[in-house]
Each structure stands twice: as structure tokens, then as C-alpha cells.
Amino acid sequence: MKQKHQTEYLESLFDISPVPLISLDTRFRVIMFNRASCRLTGYSGTEMVGKRVTKILSLQRVKKGISAMKGNKTCSLDGYMTRLKAKDCQDIPVRLKVTALFDSEKRMIGILLVASDLREIRQIHSKLLEAERLAAITETAISVNHEINNPLCSILGNTQLMLMEKDNLDPDMIRKLQNIEKQIARIQEIAERLGKITKPVLKEYVGGKKMLDVEHSGIKNLR
């Protein structure tokens, strides 16, 4: 009776594991298919138990993993990249770990598959890249404001002083000074916007390179 309770306890742990776990017999038929595997593939346990693993995974990849383990004389193959076929026919990128299960006489009695959903990892990686990009933009904005704003203010001040004497200037010179004033204001506006960007948007530049689209990038509202 005690052994029965232990078995039920281990089966319960297997089932509630947050990691997708799939247990196979030596003929690659599914023995156990935990809840995380159900969530990952869309199949229920009753739809998978007793079925060949080929329903969701290339048998060739599993056999290759078993062969690699035998060649290296190990009972576990560290994760490799592959894809699971979901119920909705979607290909799910996963990192799959294959472990051979042996009895006391070292005969293989089954296989354990442990899957890691790479979509989540890719989302986290994407968010980290976005955070790094945003940090770089913020640092650049601080440098721009620090290194450029002071000389710009000096140029703007001198331009405005000259415009105060526009009665002594010809119309063409006045237009040029007003244009300088306008362009300085534009540079200051861009520098200020750089420091407020929260969601960078990139656009195509010369030679297939990307550049920051300052105008269409999302900014925080400081009001």
C-alpha cells in the first residue's frame, strides 16, 4: 500500500510540473503526458497516452538522440533544438532533452522527454534587446543635450541679438538668420524627444542599415 501511495505521489508531481514532460515506452508510445505538455501542444492527455510520439515529434530526432546517448555511453542527452507539432498544426520551437530510463539490470525501459518552449525565451530575449536599445538611446540623448545644447544656445543667442538689429540688415540676411533660428529650435526639439523615447521605432537607411525614426518612436508624456 505504501508503494502505491509513493507511485501516486510521483505521478502527481510529474503531472503538475510546470515543465512539459512526456514519458515514452521503448516503442516510442506515450505513457504519460503532463498538464504542461497539454498546454504546450493543445492535446489532452487522453488524446496522447497510448499514441506514438510521432503525432507531435519527428521520430527520427528521438532515435537520433537515443543513438547519441548510446554512442557517448550516457543516459541523458542535453537539450537540442527541434519543433513540436501542435494540435492546431502550428510548429512550436522547443529545446528538447532526452533521457533514457533503465531498470536495475541496465535495460532500457523507457524514455523521458523534457521540453522548453523557446517562444517564451525569444520573447524575453527580445525584451532585453529592446531595453538595451532604449538605454543606449537615453545615454545618447544625455550626451547630445550635454555636448550640443550649450553651443546651440550660444549660436541661438547671437542669432537673436542680430535679429534685434534687423532694421540695419537686408531682407536676405534676415531670412537666413530666421532660418538659423528655426533649425536650432528643431535640433533642440529632436534632442528633447530623444530623451523621452520609450518605444524605439527603426526605419531603413542607406545601404540597408537601420536608423532610429525619431518622429514615429513612442515617447513618454511628461505632462
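First, a word on scope: everything that follows refers to the structure included in this document. (Residues numbered from 1 in each chain as written. Predicted model: local features only at pLDDT ≥ 70, side-chain atom pairs only at ≥ 80, totals over all residues. Heavy atoms only, no water.)

1. Describing the overall build of the protein chain
In terms of helices and strands, the protein chain carries 6 helices and 9 strands. Its C-alpha radius of gyration of 32 Å places the protein chain more than 25% over the 17 Å reference for a compact globule of 223 residues. When the backbone C-alpha atoms are referred to their principal axes, the protein chain occupies close to 105 × 40 × 35 Å. Within the protein chain, the proportion of its 223 residues that are buried is 27%. Residue pairs at least 24 apart in sequence account for 38% of intrachain contacts in the protein chain once pairs closer than 6 positions are excluded. Of the roughly 15,300 Å² that the protein chain leaves accessible, carbon and sulfur atoms contribute 55%. In the protein chain, 38 side chains carry a positive charge and 26 a negative one; their mean positions are 12 Å apart. (Helix = DSSP H or I, 4+ residues; strand = E, 2+ residues; numbered from the N terminus. Rg over C-alpha atoms; globule rule 2.2 N^0.38 Å. Buried < 20%, exposed > 50% of the residue type's maximum accessible area, 1.4 Å probe, protein only. Contact = heavy atoms within 4.5 Å. Areas by Shrake-Rupley, 256 points an atom, 1.4 Å probe, with all protein chains shown as cover. Lys, Arg positive; Asp, Glu negative; His and termini not counted. Charge placed at Lys NZ, Arg CZ, Asp CG, Glu CD.)

2. Details of a nonpolar patch on the surface
A surface patch of nonpolar side chains, about 430 Å² in accessible area, is lined by Tyr9, Leu10, Leu13 and Ile16. Assessed through its relative accessible area of 54%, Tyr9 is described here as exposed. (Patch = residues over 30% accessible without salt bridge, like charges linked within 9 Å, V, L, I, M, F, W, Y side chains within 5 Å. Salt bridge = Lys/Arg side-chain N within 4 Å of Asp/Glu carboxyl O.)

3. Describing the pairing of strand β2 (residues 30-33)
The sheet contact formed by strand β1 (residues 21-24) and β2 spans 3 bridges and is antiparallel. Its bridge partner being in β2, Ile22 is matched across the sheet by Phe33. Counted between consecutive antiparallel strands, the loop separating β1 from β2 contains 5 residues, among which Phe28 sits at a positive phi close to 65 degrees. (Pairing = 2+ DSSP bridges.)

4. Some words on helix α6 (residues 171-194)
In this model α6 runs 35 Å from its N-terminal to its C-terminal C-alpha over 24 residues, within 8% of the 34 Å that 1.5 Å per residue would give. Inspection of α6 places Ile174, Leu177, Ile184, Ala191 and Leu194 among the buried residues, and these make up the whole buried set. Between a side-chain oxygen at the N-terminus of α6 and the backbone nitrogen of Asp172 the separation is 3.1 Å; the capping residue is Asp170. (Expected span 1.5 Å × (residues − 1). Polar contact = N/O pair within 3.5 Å; in protein donor to acceptor, adjacent residues only side chain to side chain.)

5. Digging into the pattern of salt bridges
What the rule picks out here adds up to 14 salt bridges. Notably, a salt bridge pairs Arg119 with Asp117, separated by 2.9 Å at the nearest N-O pair. Judged by its relative accessible area of 14%, Asp117 is buried. One salt bridge in this structure joins Glu192 and Lys196, with 3.2 Å as the shortest N-O distance. Among the residues examined, Glu192 registers a relative accessible area of 46% and is labelled partly exposed. Connected through shared salt-bridge partners, Asp103, Glu105 and Arg107 make up one network.

6. Quick notes on unusual backbone geometry
Its identity is not glycine, yet Cys89 carries a phi of approximately 70 degrees, on the positive side. Residue placement: Cys89 occurs in the loop between β3 (76-85) and β4 (91-102). Unlike most non-glycine residues, Lys106 shows phi in positive territory, near 65 degrees. Within the secondary structure, Lys106 sits in the loop between β4 and β5 (108-117). Classification of Lys106 by relative accessible area gives exposed; the value is 73%.

7. Thoughts on the nonpolar core
Within the largest apolar cluster, 23 residues are counted, with the highest numbers of intra-cluster contacts made by Leu24, Val53, Ile56, Leu57 and Leu113. Within the residue set of this core, elements represented by two or more residues are β1, β2, α4 (59-72), β3, β4 and β5. By residue number, the principal contributor to this core is β4, which donates 4 residues. Setting aside its immediate chain neighbours within four residues, Leu113 contacts Pro20, Leu21, Ile22, Leu24, Val53, Leu57, Leu96, Lys97 and Val98. (Core = buried A, V, L, I, M, F, W, Y, C linked by side-chain atoms within 4.5 Å.)

8. As for helix α5 (residues 118-163)
The end-to-end C-alpha separation of α5 is 62 Å, in line with the 68 Å expected for 46 residues at 1.5 Å each. By the burial criterion, the buried members of α5 are Leu118, Ile137, Ala141, Leu152, Leu156, Thr159 and Leu163.

9. Some remarks on the environment of Ile56
When you line up the elements, Ile56 lands in the loop between α3 (45-48) and α4. Take Ile56: its relative accessible area is 2%, and that puts it in the buried class. In the structure, Ile56 is positioned 52 residues away from Met108 in sequence and 22 Å away in space, judged by C-alpha atoms. Contact partners of Ile56, with chain neighbours within four places excluded, come to Ile22, Phe33, Tyr43, Met48, Arg83, Leu84 and Lys85.

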